[in-house]
Structure formats: structure tokens, C-alpha cells
Amino acid sequence: AQKITQTQPGMFVQEKEAVTLDCTYDTSDPSYGLFWYKQPSSGEMIFLIYQGSYDQQNATEGRYSLNFQKARKSANLVISASQLGDSAMYFCAMREGNYNNNDMRFGAGTRLTVKP
Amino acid sequence: DTAVSQTPKYLVTQMGNDKSIKCEQNLGHDTMYWYKQDSKKFLKIMFSYNNKELIINETVPNRFSPKSPDKAHLNLHINSLELGDSAVYFCASSPLGSGRGTGELFFGEGSRLTVL
């Protein structure tokens, strides 16, 4: 069974600084995808970034980057130049196996607070 | 146009009642989901369908019955509601198997169910 672990229930960061949100995963399948989602206080779920297990480079999307360390089974989200609007819950998720596998599981989430 | 829409957004009801949540997506995706988010923000997969076929049926009480009349709709009916059913229920869709995108989930806005 796949497992996603987010060990930081809450994180604080000063506006304009960078922050890293941790995510480790456990799978024996060589093929998998890793996802990060943001949930602001308004409640909607927003997809941020994706990393495939066979991708050679770390994924980046604007101020978001994924620090993918395959041997350590970690997929940490790095947010650069934090903004007040980045305050939200952040969830790491994984889909094992091939692209057609429906099963996507989530970690417990990290609540990020950006301080002015 | 809302890509994944759920109705109603809020339900308040008494224990023992039956309620339904409807979900529609206009993205042309074949895959749809129901997730439950509890008070601690944990997201748990409940059901997943591919083109009207039930693929994932997690350990969910059989009081919960999903129904997919076509691939654009996935409804959730809950019988004999209990206090522990209070949560936010998210519908989601994904372009799995289409070769498009990364297979990320597109979420609805959520339906907050409160059982009194």
C-alpha cells in the first residue's frame, strides 16, 4: 500500500523568503507520479506541480519547484519569494503505477503561514 | 464556466436522514472521484469511476452509494446519516488514460455536510 508522509503540521515563513515543505513517500512500484496541491482558506483544491518518477529533472512551475530525491523517496515543495497569498494548506499526493491508475492518495497536509 | 461543479455547497441535516450530492464535470474526462475531507483536513479517497465503471471502492460504509449515470456525472447518496459523516465532500475528475496532462485531479468546490 502506498503511503505519503508530511511531517510538518504547520510552517511559518517570512514574506519574500523561501520555504520548503517536506513530503516522503513509500512505494515499491518503479513507476509513480507525485503531485502537490494547495488549499487556501476558501476551501478549493488547486493543483500546483507534478513530478514523474522517471523525470530526469526536478519540476518547476513559476515560484514552485519540486526537490525530487528518488533514492530518499522525498518530493519536497519549495516556494520561493513567499507571498501573503501563499498562506494555505499544502498537500502532497502520489499515484502509483502507470498513468491509468485511478488511485491517488494524499498526505496529511502542512499548514503554511506567511508572515508580513 | 465551472469545470467541476458540485451541488449543494452546504447541507445541514439531522441524524438518520438521507441526502445526495451531485457532481458534474464539463472537461470531457473519463475519470471521476469522491473524496472526504475530515475536520483535520485529511483527504480520503472514497470512490473512483472510469467511464461509468466503479474502479475504486474504499472501505466506506455501504450507507454511501455512488452513482454515475454518464461519464460527466458522479453523484453520491448517503443513507441514514450519522454524526461522523460530517465533513467536506469533494468531487474530482482527471484526464487519466487520455494522454493529456499529468493526470492531475480537477476538484469541485466541495460540499460541506453537517449532521446534527
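Residues numbered from 1 in each chain as written. Chains lettered and ligands numbered in written order. Predicted model: local features only at pLDDT ≥ 70, side-chain atom pairs only at ≥ 80, totals over all residues. Heavy atoms only, no water.

1. Thoughts on the packing of aromatic side chains
Definition in use: Pairing of aromatic rings covers Phe, Tyr and Trp, the last counted by its six-membered ring, and requires centre-to-centre distances within 6.5 Å; plane angles under 30 degrees mean stacked, over 60 mean edge-to-face, and any other angle means tilted. Strands are runs of DSSP state E lasting at least 2 residues, helices are runs of H or I lasting at least 4, and numbering of each runs from the N terminus. Burial classes follow relative accessibility: with a 1.4 Å probe on protein chains only, a residue under 20% of its type's maximum area counts as buried, one over 50% as exposed, and anything between as partly exposed. Charge-over-ring placement is defined geometrically: NZ (Lys) or CZ (Arg) within 6 Å of the ring centre, and within 35 degrees of the ring normal.
In total, this model carries 14 aromatic pairs over all chains according to the counting rule given. Between Phe106(A) and Phe107(B) the ring centres are 6.2 Å apart and the planes differ by 70°, which places this aromatic pair in the edge-to-face class. With Phe106(A) in strand β11 (residues 104–106) and Phe107(B) in strand β10 (residues 106–107), this pair bridges two chains. Each member of the pair, Phe106(A) as well as Phe107(B), is classed as buried. Ring-pair connections join several aromatic residues into one group, and the members of that group are Phe35(A), Tyr37(A), Phe47(A), Tyr50(A), Phe91(A), Phe106(A), Tyr33(B), Tyr35(B), Phe90(B) and Phe107(B). Over the ring of Tyr64(A) we find Arg63(A); its NZ or CZ atom is 5.8 Å from the centre of that ring. Over the ring of Phe12(A) we find Lys115(A); its NZ or CZ atom is 4.9 Å from the centre of that ring.

2. Some words on the interface of chain A and chain B
Size of an interface, as often reported, equals the accessible area lost when the parts are brought together. The cut-off we apply is this: Two residues qualify as a contact provided that any one of their heavy atoms is within 4.5 Å of a heavy atom in the partner residue. Each of two parts loses accessible area, computed with a 1.4 Å probe, when they are put together; buried area is these two losses added. Definition used for salt bridges: Asp or Glu carboxyl oxygen within 4 Å of a side-chain nitrogen of Lys or Arg.
Taken together, the contact pairs 21 residues of chain A with 28 residues of chain B. Of the roughly 1900 Å² buried at the junction of chain A and chain B (both faces included), carbon and sulfur atoms supply 57%. Applying the counting rule to chain A against chain B returns one salt bridge. Of all elements in the fold, only β5 (32–39), β6 (46–52), β10 (88–96) and β11 of chain A reach the threshold of two or more residues within the side of chain A that touches chain B.

3. Brief notes about the environment of Ala92(B)
As for its placement among the helices and strands, Ala92(B) is situated in strand β9 (residues 87–94). With sequence-adjacent residues up to four places away left out, Ala92(B) is seen in contact with Thr31(B), Met32(B), Tyr33(B), Leu105(B), Phe106(B) and Phe107(B).

4. Quick notes on the side chain of Ser94(B)
The condition is simple: Pairs of N or O atoms within 3.5 Å make up the polar contacts considered here, provided that, within protein, one atom can donate a hydrogen while the other can accept it, and that residues adjacent in sequence are counted only when both atoms are side-chain atoms.
Relative to the helices and strands, Ser94(B) resides in strand β9. A distance of 2.9 Å separates the side chain of Ser94(B) from the backbone oxygen of Gly103(B), its partner in a polar contact. Here Glu104(B) takes part through its backbone oxygen, which lies 3.3 Å from a polar atom of the side chain of Ser94(B). Contacts of Ser94(B), omitting those with residues within four sequence positions, involve Arg95(A), His29(B), Asp30(B), Thr31(B), Tyr33(B), Gly103(B), Glu104(B) and Leu105(B).

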